[in-house]
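# Residue-level structural notes
Each chain, written out:
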Amino acid sequence: MKTNKLKFFALNKSIRIETEEVIEEIVVEMKVNSKAVGSGTNLILALKHLERIGEHCTNIAESIYFVINAKTIKHEKTKFE
């Protein structure tokens, strides 16, 4: 079960990192092409919302883990990030 926790937190971290990388690319494009500001802003907002959905999934997984194992893993999260 421990490896599943590691995979889950690693996946959550990679989603966060990739989101930030894509947002940086969008910002660069918006600086170069002023016509892309509107659609770029919408894309950034959509990405942030999707990232938040991933965080909610993490919270749900932590709750399920607690129900099954009677142990919390929230405080262990910092070890994996």
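All of the points below concern the structure found in this document. (Residues numbered from 1 in each chain as written. Predicted model: local features only at pLDDT ≥ 70, side-chain atom pairs only at ≥ 80, totals over all residues. Heavy atoms only, no water.)

In this section: the overall build of the protein chain. Looking only at helices and strands, the protein chain has three helices and zero strands in total. N-terminal to C-terminal, the α/β element order of the protein chain is α-α-α. Taking the contacts inside the protein chain whose residues are at least 6 apart along the sequence as the reference set, 60% of them involve residues at least 24 apart. Here the protein chain displays about 6,000 Å² of accessible surface, and carbon together with sulfur accounts for 63% of that area. (Helix = DSSP H or I, 4+ residues; strand = E, 2+ residues; numbered from the N terminus. Contact = heavy atoms within 4.5 Å. Areas by Shrake-Rupley, 256 points an atom, 1.4 Å probe, with all protein chains shown as cover.)

A few words now on the pattern of salt bridges. According to the stated counting rule, one finds three salt bridges in the structure shown. Ionic pairing is found between Lys-48 and Glu-20, a salt bridge with its closest N-O pair at 2.9 Å. Pair noted here: Lys-48 is in helix 2 (residues 37-69) and Glu-20 is in helix 1 (residues 2-32), with a separation of 28 residues, a long-range link. Residue classification places Lys-48 among the partly exposed positions, given a relative accessible area of 37%. In this structure, the salt-bridge partner of Arg-52 is Glu-55, at a minimum N-O distance of 2.6 Å. (Salt bridge = Lys/Arg side-chain N within 4 Å of Asp/Glu carboxyl O. Buried < 20%, exposed > 50% of the residue type's maximum accessible area, 1.4 Å probe, protein only.)

With that out of the way, let us pick up unusual backbone geometry. Its identity is not glycine, yet Ala-70 carries a phi of approximately 55°, on the positive side. For Ala-70, the position within the fold is in the loop between helix 2 and helix 3 (77-80).

The next subject is a negative patch on the surface. Where like charges cluster on the molecular surface, the negative patch consists of Glu-18, Glu-21, Glu-24 and Glu-25. Here Glu-18 shows up in helix 1. (Patch = residues over 30% accessible without salt bridge, like charges linked within 9 Å, V, L, I, M, F, W, Y side chains within 5 Å. Lys, Arg positive; Asp, Glu negative; His and termini not counted. Charge placed at Lys NZ, Arg CZ, Asp CG, Glu CD.)

On the surface, Ile-60, Ile-64, Phe-66, Val-67 and Ile-68 cluster together into a nonpolar patch covering about 530 Å² of accessible area. Following the sequence through the fold, Ile-68 ends up in helix 2.

One can find Thr-19 in helix 1. Filtering out sequence-adjacent residues up to four positions away, Thr-19 remains in contact with Leu-47 and Glu-51.

Counted at 1.5 Å a residue, the expected span for helix 2 with its 33 residues is 48 Å, and the 48 Å between its end C-alpha atoms agrees. For helix 2, the complete set of buried residues consists of Gly-40, Ile-44, Leu-47, Glu-51, Gly-54, Thr-58, Glu-62 and Tyr-65. Positive phi shows up at Ala-70, right after helix 2, with a value of about 55°. (Expected span 1.5 Å × (residues − 1).)

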